[in-house]
Amino acid sequence: MAPGRIRGDGERERRPNPEARYDDEDYEPISTAEAAREGLRQIVGLTGKDPLGITSIQATDDGWLIGVEVVEDHRIPASTDLLGLYEVELDMVGQLLGYRRTRRYQRGKGDGG
């Protein structure tokens, strides 16, 4: 796999002008699976962190909200790695609207403490 690519990241045509209206152009909304892949790809590109996977995906009025878990800090042993949970917001065609880290926690202690 080429560097900087996420498995399943297709050759989708990107909207050249994010401010353009959807009905003015021939762009189709992305699917749930495409939104998940794009959210993961955006977090890897923006943070440079190792992704663990998608934790959630939710359709919104304006697009998609995707939860992505990453390794913030690799430690020894791996059970003490520091993980982060990021939320990525995409519009209907997969353009990034924003992202934020919502949690930071030690591996194995994500739900309980």
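Computed from a predicted structure; not experimentally measured. (Residues numbered from 1 in each chain as written. Predicted model: local features only at pLDDT ≥ 70, side-chain atom pairs only at ≥ 80, totals over all residues. Heavy atoms only, no water.)

(A) Structural detail: the overall build of the protein chain. Helices and strands together make up the secondary structure of the protein chain, namely 1 helix and 4 strands. What you see in the protein chain, going N to C, is helices and strands ordered as α-β-β-β-β. Sorting the 113 residues of the protein chain into buried and exposed places 33% on the buried side. Here the contacts in the protein chain between residues at least 6 apart in sequence split such that 44% fall between residues at least 24 apart. (Helix = DSSP H or I, 4+ residues; strand = E, 2+ residues; numbered from the N terminus. Buried < 20%, exposed > 50% of the residue type's maximum accessible area, 1.4 Å probe, protein only. Contact = heavy atoms within 4.5 Å.)

(B) Expanded view of the environment of Thr55. You can see Thr55 is positioned in strand β1 (residues 50-59). Distance from Thr55 to Glu69, taken between C-alpha atoms, is 6.5 Å for residues 14 residues apart in sequence. With residues up to four places along the chain from it excluded, the contact list for Thr55 reads Gly67, Val68, Glu69 and Leu85.

(C) View of unusual backbone geometry. Here the bond from Ile76 into Pro77 is cis, since omega is 0 degrees, no more than 30 degrees from zero. Among the structural elements, Pro77 can be located in the loop between β2 (63-73) and β3 (82-91).

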